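Commentary on secondary and tertiary structure
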Amino acid sequence: MAIMRETTAALQSVLPQTELSTLLKLSRDQKESQLIELMHIVTGIRLYNKKIGKGGAGIDNLAGIFLELLPALQEKLEASIAEGQRICDRITALMEKDSMSGNTHQMDPGDYEAFAEAAANCRQKEAFLHILGKAIEDCKKAGRAHLDKYYAELEAITRSVTPPRKSVATKEIYPKFQELARAWTGVQEETRLLSIYESTMSGVNSHGKVVADEYTEEKLANMLSGVEVLSDAQRLEKSGASEERIEEPLSDQVRIYRPEQIVNFPEMTTEYRGFCALSLSNGNGMLLRGNPQLGIVSYREKYYAFSSATAARAFAFAPLKHTSVITTLCQMRPYLIPLLEMHSTFSSMTAQKLGLAGAAPKTRCDAGVQTEVHAPTRCFVKSYEWNEWILRAQASKLANIRQTVTKSTQTTSSGFRRDADTQVYLPKDNSTQTRRDKATAVPKPVVYMAGLRGSAKNTAKPAKVDLTPDIVSHRIADDMEPKNH
């Protein structure tokens, strides 16, 4: 509740309720920008209140957590690396003893291969923990930079609000609150990142615990009797103390680079992650650190380090043979590819060629299908049925039909009936053209009224007299008319 009250008061001091309508009228991007800015200002106010003891409830002491977690994590990392190195040193000493015995190997081939796999597992764990250590170191630098900025911004805010100043302009104090919040957020992110690294380290240690439980000191004590166990640092010191160096010319195919000849000698990268190439080839995967101070052998524009000058000379007489053996060994043991950084050699080989178990990876992609406008008609079998019970019913029906008799009766109404079709051909339109036109004149009707004027005797009555000639006489008269030719 105290957090809510403090946050509300800080927010209202920055954004009064009367300004909410203005905020709501902004675009989406402008709203996001304004809200992030308000969040930083309010966070900075609460951080300053925590510093002066007038608020800041619920805010963790990130500086103390970060500074407490960092050394504990680094100590745990160093202990994990040291434990893996101790196991690897004991196993490497046993493998070196067996490989130096010549053709009379004292160790069973299966046990030797198990030792090689365990040593590779320890080396992988060590390499990963070194990478994790670099990430923790970067996190340490970034976190300390954020802490320094955090304390500097707190001090600047304190100087700005210290009497006799009664008020401070918002354009002066708000940017400082924002920078204070950003610095605190940076410390928070680095602290969260350290927690992630810690959980990752715990997972790596849990996997490495399998090898540690399998090859304990009690189990290897009898086998290590009379064997000198040397660490990588001791081996480098021992080889560096001897005055033996790789001398030229070893062969026409190789070239030697010495530390005093190369300006950027420490930055040169050797093949197989710096492990001795001859030990990998002749020792069936034995991982011995090479000493670049003895000299670096160059073959086909690649650089190799060796544990001794004798190993370098043996490699120089047949470099292609040894590199081919190492490539074949990595193909039989794929876990050596990332350990020896041989990704470029096997970049074109698939998982099946490398002998990796499991199916090939399946990729996903977005695909679109355009439906055809006039798709061809498919053949659907309408009689198909997948339901078992419907199929049983159909089988029962067919079984019953086989035991029945079909009878038919013809009645008077159905007798001598058949379907008949008749096709009618429509008549054609005919026309005839004559050479002369002929017409017939109808006689004009003529009616005469007689007796209208009366008579001397006044006895005559009016009468209607039809003087229209008949058609026959009219036609005869037309025919009797002379015709001009």
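Computed from a predicted structure; not experimentally measured.

Check the secondary structure of the protein chain and you find 15 helices and 5 strands. For the protein chain, the proportion of its 485 residues judged to be buried stands at 31%.

Attention now goes to the nonpolar core. Phe306 and Leu340 are the most contacted members of the largest nonpolar core, which totals 49 residues. The contact partners of Leu340, leaving out residues within four places of it in the chain, are Tyr272, Arg273, Phe275, Leu280, Leu287, Ile326 and Cys330. Core analysis: the second largest hydrophobic core is formed by 38 residues, Val14, Leu73, Ile173 and Met201 among them.

Tallied over the entire structure, the rule returns 10 salt bridges. The partner of Arg392 in a salt bridge is Glu388, and the shortest N-O contact between them spans 2.8 Å. Here Arg392 and its partner Glu388 are both found in helix H14 (residues 388-402), 4 residues apart, which amounts to about one turn of the helix. When its relative accessible area of 44% is taken as the criterion, Arg392 is described as partly exposed. If you follow the salt bridges from partner to partner, you end up with Arg123, Glu126, Asp232 and Arg289 in one network.

Turning to its location among the elements, Thr270 is positioned in the loop between strand S1 (255-257) and helix H9 (277-282). The exposure class of Thr270 is buried, given its relative accessible area of 13%. At 3.5 Å, the side chain of Thr270 and the backbone nitrogen of Gly274 are in polar contact. Every residue in contact with Thr270, bar those within four places of it in the chain, is listed here: Ile296, Tyr303, Tyr304 and Ala305.

Applying the stated criterion across every chain, the model contains 6 aromatic pairs. Taking 5.9 Å as the distance between ring centres and 70° as the angle between the ring planes, the aromatic pair formed by Tyr257 and Tyr303 counts as edge-to-face. Residue Tyr257 is located in strand S1, and its partner Tyr303 is located in strand S3 (residues 302-304); the two are separated by 46 residues in the primary sequence. A residue is classified by how much of its surface remains accessible, and Tyr257, at 16% relative accessible area, is buried. Linked through ring pairs, Tyr272, Tyr304, Phe306 and Phe315 together constitute an aromatic cluster. Residue placement shows Arg392 over the ring face of Trp389; its charged tip is 4.7 Å from the ring centre.

Regarding helix H10 (residues 309-317), the residues found buried are Ala309, Ala311, Ala312, Phe315 and Ala316. Down the axis, H10 shows its buried residues gathered within 155° of arc, on one side only. Looking at the buried side of H10, the elements it contacts are H9, strand S2 (296-299), S3 and helix H11 (319-332).

Below, the discussion takes up the sheet that holds S3. Across the sheet, 3 strands lie side by side as S1-S2-S3; this open sheet has antiparallel pairing. On the outer flanks of this sheet lie S1 and S3, each paired with one strand and no other. On average, each strand axis in the sheet is tilted by 35° relative to the strand beside it, whichever way the strands run. In the sheet, S1 pairs with S2 via 3 bridges, with the strands oriented antiparallel. The partner of Ile256 across the bridge, within S2, is Val297.

Let us now look at unusual backbone geometry. Here the phi dihedral of Arg273 falls at roughly 55°; this positive angle occurs in a residue that is not glycine. Inspection of the secondary structure puts Arg273 in the loop between S1 and H9. Residue class for Arg273 comes out partly exposed when judged on its relative accessible area of 28%. Within the chain, Arg300 stands out as a residue other than glycine whose phi angle is a positive 55°.

Here the focus is the confidence of the model for the protein chain. Of the residues in the protein chain, 85% reach a pLDDT of 70 or more, and the chain-wide mean stands at 79. The weakest mean pLDDT in the protein chain belongs to helix H13 (residues 351-354) at 49; the strongest belongs to H14 at 91. Per-residue pLDDT stays below 50 along residues 356-360; that stretch engages in 3 contacts with residues further than four places along the chain or on separate chains.

A word on the environment of Ala450. Here Ala450 lies in strand S4 (residues 447-450). With 15 residues separating them along the chain, Ala450 and Val465 place their C-alpha atoms 6.8 Å apart. Leaving out residues up to four positions away in the same chain, Ala450 has contacts with Lys461, Pro462, Ala463 and Val465.

Calculation criteria
- Residues numbered from 1 in each chain as written.
- Predicted model: local features only at pLDDT ≥ 70, side-chain atom pairs only at ≥ 80, totals over all residues.
- Heavy atoms only, no water.
- Helix = DSSP H or I, 4+ residues; strand = E, 2+ residues; numbered from the N terminus.
- Buried < 20%, exposed > 50% of the residue type's maximum accessible area, 1.4 Å probe, protein only.
- Core = buried A, V, L, I, M, F, W, Y, C linked by side-chain atoms within 4.5 Å.
- Contact = heavy atoms within 4.5 Å.
- Salt bridge = Lys/Arg side-chain N within 4 Å of Asp/Glu carboxyl O.
- Polar contact = N/O pair within 3.5 Å; in protein donor to acceptor, adjacent residues only side chain to side chain.
- Phe/Tyr/Trp six-rings, centres within 6.5 Å; stacked < 30°, edge-to-face > 60°.
- Lys NZ or Arg CZ within 6 Å of the ring centre and 35° of its normal.
- Arc of directions from axis to C-beta.
- Pairing = 2+ DSSP bridges.
- Axes fitted to C-alpha atoms, helices over the stretch in contact; angles between N-to-C directions.
- pLDDT = per-residue confidence, 0-100.

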